Each structure stands twice: as structure tokens, then as C-alpha cells.
Amino acid sequence: MRTISILLLSFSLNFAILAQEKERLSLEHYQDYEWTSSPRLSPDGEQILYSRTWINLVDDKRETDLWIVQSDGTMNRFLLNGSDGRWSPDGSRLAFTRKGEPDGNQIFVKYLGVEGEPTQITKLGESPGGMEWSPDGRYIAFTMHVDTEPALELSGIPKKPKGAKWTEAPRVIDQVDYSQDRVGFLQRGYRQLFIVPSEGGAARQITDGNWNVSSDIDWSNDGQKIYFSSYRMPEAEYARRQSNIYSVDIYTKSIEEITNKEGTESSIRVSPVGDQIAFVGSVWTKNFYHDRKLYVMNTDGSNVRCLSESIDEIPGNPQWSSDASSVYFTIREKGVSNLYVADLSGSTKKVTEGNHMLSVTDLSKQGTAVATWSDYHSPGDIVTVDLATGSINRITDVNGDIFDFIDLGEIEEIWYKSTDGLDIQGWIVKPPGFDPQEKYPLVLRIHGGPHGMYNVGFNYNFQLHAAQDQVVLYTNPRGSTGYGYDFANAIQNSYPGNDYDDLMAGVDEVIRKGYIDENKMYVYGGSGGGVLTSWIVGQTDRFAAASVNYPVTNWFSFVGTTDGAGWYYNFEKYPWEDPSEHLKRSPLMYVGNVKTPTMLMCGENDLRTPISQTEEYYQALKMNKVPTVMIRFNDEFHGTSRKPSNFLRTFGYLNAWFEKYPERKSLKP
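What you see is a predicted model, and the numbers here were worked out from it, not measured in a lab.

Which parts of the structure should I look at to understand the overall build of the chain?
Secondary structure summary: the chain contains 10 helices and 38 strands in total. In terms of principal-axis extent, the alpha carbons of the chain reach across some 85 × 75 × 55 Å. Total accessible area on the chain stands at roughly 30500 Å², and carbon and sulfur atoms take up 49% of it. The distance from the centre of the 65 positive side-chain charges to the centre of the 88 negative ones in the chain is 4 Å.

Encoded structure:
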């Protein structure tokens, strides 16, 4: 026994030495960081095609390549430059997109095992989306924008003189939604459905009219029809959360309406037998958050039934079993994501268990699923799932070259009580070598959405804070998804509201653990997290410093300037009917209370929470002589990290601001 104890002690000492020798995570490591996404199984189940994104700091962008690996994890190798890879039905070819001629993204096809470059099969004027092979491999369907006639033509002006240098023509707008974040001003027109021969040739448009086709499409088993989601109704642009399922005959272009209920239908999947369709649908509600369920129906729209009635969460990415007897789907709940299955009678069961984020994208006839996977200390990798046992096999380790040598912070899950006795889930990230007898700064990080969900997946930012000997708290206050419909809808016409109490109760919970320096607490968040951060500093001065990132600070001016009219519906009345609710819920109205040094960050091109929202709050802080700076990020839409250099700068500015105001001057009595 004594010998075993000595061996254990020796092992522990060696492990401690190894841990001490490991580096801490830094921004330097970010340049080597990679992501995986969109894994697809070959038809025979032997290989996995997936996308791998890496950081090109020279050109300041993220680039994506297609890689291929055997299903047992061997022979993981680079295939080609491109993204959105799709196997042909017989597994002999791959379709993918990348930049081509004459310009922009084009569709390419690569024959496997055949020498030579891939073949560019399209010459499109706009970027394709929603690419899907026909069952016989003859065609590839996709969606693409098609321009319509201008809303208003000039009349009666003189002809432009020869050699004249006129100012660029005005932009004429008549759409309800005329801009989109990360896109800019939208071209006048609609997204339509096309097919192109897989050997190359002319792309044929098979839908038209003043309606958009979603990129979520699927073929009938005989290759005669394509099913798609749209809302082909008068004044469709005014419709809120409405879509139906349609089919179009690729030869005659005749369109049939399959569903017509109030609400949305999406994620269309035709069964292997071809007689049924699985989809995710919602029942229309005036509430800003709406519930969605998994449904199955016959291909003519009859016999609709719900398969996920017993689950109070939103099903994701439905996939039919090979014998068409059941449908698999993922559920995100309580900070984790796992695979479920429902038979056609609506009986559901959980397939996988684990404290991880699992996103299944494809199933094989051999009873295997492929997914992306992440946990506290592992960024996203590719895994396979045995559908019979639920066992998970990790296939890739794309960041092992970094993280095998990094000492990461440990993470503790917590639950605590908030206002009205509501149970709130959160997580504490502790610095490497954490000592509960020491006192640490606390960083409260708030998610956006507001209908989002923090989870157990790896988070680079949180671990950066931990590497700097800061404790991080991240929580899912009311309004977050993953805790049922009532929890997510609890902020209806009340945002910000009691979600503030949920966040402060979490801070108090961590403080009670005894290792937080209450004079060194910081708070920040972006988008919805920016809303709540600006609200927090108007309600309390307990934080030493704050960063309000790409926020909404004035709902009255926001609802008419954001990229879409949907936010009007998150208030009982239009602001011109009664502005009181918009003003009551605006952080700007409480800026007179702010004493906390507050930095603001926003992208110059932000169309989701326009930079005017940041400017309004900045000017108000300046007028009240509150310490503040406004950081305006170039070449950024919503967020401040689309460009790799701006990701680095975002964290660098956070560091600088918290270092400038490291300690709260005095505690509230």
C-alpha cells in the first residue's frame, strides 16, 4: 500500500510540474486557431467531408478549405480550397462553392480519384446558396437573387453631357426591409430557385414572382419536384413570421402549395421512401419569441402530426433514419446540445448524453451520424455518433497543436435563485492554478440575442480572461433559450427588466464563494449583452468599469433604423401611438445615474444596432462627465470581430479599459 501511495504521490508531483510548464492562453495563439463545420458523410459511410476555417492574418480574413477524413479518423487530409461541400448521390463527385469567373462565388464539381482541377459549372452574376444534388445526380439545385425593375425611373431630366462626371445616382428604395447587416443595402428583387446540370451548362430559373425562396430546399425522390419554404401571398413583405412549404415541378415550373397554416415551416426533409416530409414549424403568436416543433406530413400536405410535443425546446436539423421509421434531431437545452430521435407516433428518446455541444449534420445508411462537437476545453471538432448506442467517437483534433501545451481554466456550473424564485444557470471560469483562498477580479460577460444561450462549448474569450487571473461569470438570464417557452418568453414587453436581477443575483452568488475582490468587478457584452450592460450601469455602480458593445440604448430611435421592421412588434404599441414603453425600456433614459467608467465599441457599418445608438449613449455620458471612450471599428458590421485583426483589437481595448480603471473607488454602503 505504501509503495502505491508513493507512486501516486510521484505521479501527482510530475503532473503538477507538467501543468506549471504549460503556457497560458494569449492573443498570440489566436493566429493558429481553427474551426470545423458542415461535416458530411459519403454515401457509403466510409469518408467525411468537412470545412476547416483558418485565420489569414496577412490578408486579415478567415479562409475556408475542404478537408476529407476516413470515418475511423485516419487519413485526415486537405482536399481543396472551397466551402459548402456536398457529396453526389453515388459518392463519385463533390459539389462546392468558391470564387470563380466572371466574379464572386460559383459552383464547382470535383471528380474524386481523377486528376485535374475541379470544373466550374456556373457563371452566375450573384452568389448561389442552398445547394442540393438531385437524387440521380443530373442536376444541382440552388437559390440566387434576381433583380426586379426599379421602383421609380427618372423622368424629364436632360441627358448626361459627354464626358460629364455626375455624382453617383441616388438609391431608390421602396421595400419594407431594405438593408441587412453584413450585406448592406439590399438589391431590389427576390431570391429564386434554380437548377444547373451537374456537368455544367446554363442555370435554369424555375420560380419567379415577388416572393423570396428560402435556401432550405429538398428534392422529391423521383427528381421531378423540389420542395421549398416561402410565403407566396399578397403583401408578403409585411407578413411577420409566416412561411409555407411549396413544391415546384422542374419541367413545367408549376407550383403547388403544400401547407397554409399560420406560422412558419422550415428545415424541409423528404423521407427516404419519398412519401413524407419532416419539417420544423411554429404556430403564429404575437409574442416576439415563438416556439417551434418537429412535424411530419404526407408529401401532399395531409396527415400533419407533431413528433416533439413532449419536448419544450426547439428541434434542430431533422434527419430521417434510413428506413424512414423515425426522425433524428438535436436539442439545445440548459447549456448543452444532444441528439434525440422520434418515431412516427411521437414517442421521443435521447440518443446521446454529455456535457457538450453536439450538432448533427448528416446520417448514413449504416447507422452512423456525423456532427461537430465541443466542450469546455475543446474547440469544435468532428465526431461520429453510433445511433444504436449513442457512443461518440472523436475524429479530428484540429487545435491539438495549440491546446496540448496550454493550461486552461477550469469551469464550474452553478444554479442559483433570482427574483420570483426563478432558477438561473451559469458557469464560473477560474484561472489556471486557481486558489480559493486568494481574491480575484470578476468579469461578468452577458450574451446577446436576447434569445440566445450560453453553453458548455469552448470559448476563447473566457479562457483569455482566466489566463489573466480573472474569474469569469457567464449566465443565461430569463429570455435565454434552452429552458422552455415560458422562460424564453418571460421578457416579452419587459426587456430589459427582471433579467437584470438574474444577472446581479449571479454576481452575488459568486461573491458568496469568498474569492472575489468586490472592488475589482467588470461587466461587458455585445448586442443584447450591450443593451443589458448599458442598463446595468444605469442601475448600479458596483462595477469598476464596463464596456457597452454594439448596443441598443434608445428603443425609440432604434426600431425604425435597424435592418428590418420586426422589432416594432416587441412593444405593445407603435412609438408614434405611445412612446412611453420605448422610453421606459431605453438605457439612455437612465444615463444620468451612471458613475461607472463606460467604454463603447461598435462597427462603423453596423446595420443591426446602428452606430447612432452608440453615439447617443456616448454623447450623453460625455455631457454627464462620465469617463468614456468610443471605439469605432472600421470594416465591421454588427459585432467587432469579423476581421481577425479586429478580434485582437477588441480584446486589447477591453484589457486597456479594465487596466485604466482597475478598481472601484468606493463601495456602496
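What exactly am I supposed to notice about the sheet that holds strand 7 (residues 105-111) here?
Strand pairing in a sheet relies on backbone hydrogen bonds, with the paired strands running either antiparallel or parallel. Sheet architecture is open: four strands sit in the order 5-6-7-8, paired in antiparallel fashion. What marks the edges here is a single partner per strand, and that holds for strand 5 (83-87) and strand 8 (119-120). Summarising the sheet, strand 7 and strand 8 pair through two bridges and their orientation is antiparallel. Paired with V109 across the two strands is T119, which belongs to strand 8.

Is there a simple way to explain the nonpolar core in this structure?
For soluble globular proteins, nonpolar side chains are generally found buried alongside one another. Grouped together as the largest cluster of nonpolar side chains are 63 residues, with contacts concentrated most on L444, Y474, V507 and I536. Broken down by element, the residue count for this core peaks at seven residues, all from helix 5 (residues 499-511). When residues no more than four places from it in sequence are discounted, the contact partners of V507 are L442, L444, L473, M521, R542 and F543. I55, F458, Y460 and A545 belong to the second largest nonpolar core, which has 27 residues in total.

Could you clarify how one ought to interpret the environment of E615 in this entry?
Of note, E615 is situated in helix 9 (residues 611-623). Since its relative accessible area comes to 28%, E615 is described here as partly exposed. Spatially, the C-alpha atoms of E615 and E149 are 37 Å apart, while their sequence positions differ by 466 residues.

Is there a simple way to explain the side chain of N476 in this structure?
Locating N476 in the fold gives a position in strand 34 (residues 471-476). A polar contact is formed between the side chain of N476 and the backbone nitrogen of Y454, at a distance of 2.7 Å. Ignoring sequence-local partners within four residues, the contact set of N476 consists of I424, Q425, W427, H447, M453, Y454, Y483 and F487.

Could you clarify how one ought to interpret the side chain of T598 in this entry?
Topologically, T598 is positioned in strand 37 (residues 598-603). You can call T598 buried: its relative accessible area is 0%. Once residues lying within four places of it in the same chain are set aside, the contact partners of T598 are V537, A546, V548, L621, P627, T628, V629 and W657.

What am I meant to see in unusual backbone geometry here?
Peptide bonds are mostly trans, and most non-glycine residues show a negative phi. Looking along the chain, the bond that leaves G449 and enters P450 is cis, with omega of 5°. Assignment of secondary structure puts P450 in the loop between strand 33 (440-446) and helix 3 (460-467). P496 follows Y495 through a cis peptide bond whose omega is -5°. Relative to the elements of secondary structure, P496 occurs in the loop between helix 4 (485-488) and helix 5.

Can you walk me through the packing of helix 5 against helix 6 (residues 528-537) in this structure?
Each pair of packed helices gets described by two things: the angle between the helix axes and the distance between those axes. Following both chains from N to C, one finds helix 5 and helix 6 inclined at 75°, their axes separated by 11 Å at the closest point. Considering the angle they form, helix 5 stands roughly perpendicular to helix 6. Two secondary-structure elements touch here, helix 5 through D499, Y500, L503 and M504 and helix 6 through L532, W535 and I536. Grouping the constituent residues of the contact of helix 5 with helix 6 by class yields six nonpolar, no polar and one charged.

Quick question: what am I supposed to make of the packing of aromatic side chains here?
The way to describe two aromatic rings as a pair is by their centre distance and the angle between their planes. If you walk through the whole model with that rule in mind, you get 41 aromatic pairs. For the pair F458 and Y460, a centre-to-centre distance of 6.3 Å together with 85° between the ring planes defines the contact as edge-to-face. Given a relative accessible area of 12%, F458 falls into the buried group. Seen from the ring of W67, R52 lies directly overhead, with NZ or CZ sitting 4.0 Å from the centre. Over the aromatic face of F108 sits the side chain of R98, whose NZ or CZ is 4.9 Å from the ring centroid.

For this particular structure, what's the right way to read the confidence of the model for the chain?
Predicted coordinates in regions of low pLDDT should not be interpreted in detail. Of the residues in the chain, 96% reach a pLDDT of 70 or more, and the chain-wide mean stands at 93. This model gives residues 1-19 a pLDDT under 50, and the stretch forms one contact once residues within four places in sequence are excluded.

I keep staring at helix 3 and nothing clicks. Help me out?
Residues separated by three or four positions in an α-helix point in the same direction, a consequence of the helix having 3.6 residues per turn. Counting buried residues along helix 3, eight of its eight residues qualify, which places the element largely inside the surrounding structure. By the burial criterion, the buried members of helix 3 are Y460, N461, F462, Q463, L464, H465, A466 and A467.

Would you explain the pattern of salt bridges in this entry?
If the charged atoms of two oppositely charged side chains come close together, the side chains can form a pair. Using the criterion set out here, one finds 27 salt bridges in the structure. For D216, the salt bridge is made with R269, and the minimal N-O distance between the two is 3.3 Å. Highlighted residues: D216 in strand 15 (residues 213-219) and R269 in strand 19 (residues 265-270), separated in sequence by 53 residues. With relative accessibility at 18%, the residue D216 sits in the buried group. With a closest N to O distance of 2.7 Å, D508 and R542 form a salt bridge. In this pair, D508 is assigned in helix 5 and R542 in the loop between helix 6 and strand 36 (545-549), connecting sequence segments 34 residues apart. Owing to a relative accessible area of 29%, D508 belongs among the partly exposed residues under this scheme. In this structure, a network of salt bridges that share partners links the residues D381, R394 and D397.

Got a minute to help me understand the pairing of strand 7 in this structure?
Looking down a regular strand, the side chains alternate between one sheet face and the other. The buried count for strand 7 comes to five of seven residues, which makes it a mostly enclosed element. Bridge count for strand 6 (residues 93-99) against strand 7 is seven bridges, and the pairing is antiparallel. Across the sheet, T97 pairs through a bridge with I107, a residue of strand 7. Linking two consecutive strands that pair antiparallel, namely strand 6 and strand 7, is a turn of five residues; a positive phi of about 70° is found at G104 within it.

Cut-offs applied
Residues numbered from 1 in each chain as written. Predicted model: local features only at pLDDT ≥ 70, side-chain atom pairs only at ≥ 80, totals over all residues. Heavy atoms only, no water. Helix = DSSP H or I, 4+ residues; strand = E, 2+ residues; numbered from the N terminus. Areas by Shrake-Rupley, 256 points an atom, 1.4 Å probe, with all protein chains shown as cover. Lys, Arg positive; Asp, Glu negative; His and termini not counted. Charge placed at Lys NZ, Arg CZ, Asp CG, Glu CD. Pairing = 2+ DSSP bridges. Core = buried A, V, L, I, M, F, W, Y, C linked by side-chain atoms within 4.5 Å. Buried < 20%, exposed > 50% of the residue type's maximum accessible area, 1.4 Å probe, protein only. Contact = heavy atoms within 4.5 Å. Polar contact = N/O pair within 3.5 Å; in protein donor to acceptor, adjacent residues only side chain to side chain. Axes fitted to C-alpha atoms, helices over the stretch in contact; angles between N-to-C directions. Parallel < 35°, antiparallel > 145°, perpendicular 65-115°, else oblique. Nonpolar A, V, L, I, M, F, W, Y, C, P; charged D, E, K, R; others polar. Phe/Tyr/Trp six-rings, centres within 6.5 Å; stacked < 30°, edge-to-face > 60°. Lys NZ or Arg CZ within 6 Å of the ring centre and 35° of its normal. pLDDT = per-residue confidence, 0-100. Salt bridge = Lys/Arg side-chain N within 4 Å of Asp/Glu carboxyl O.

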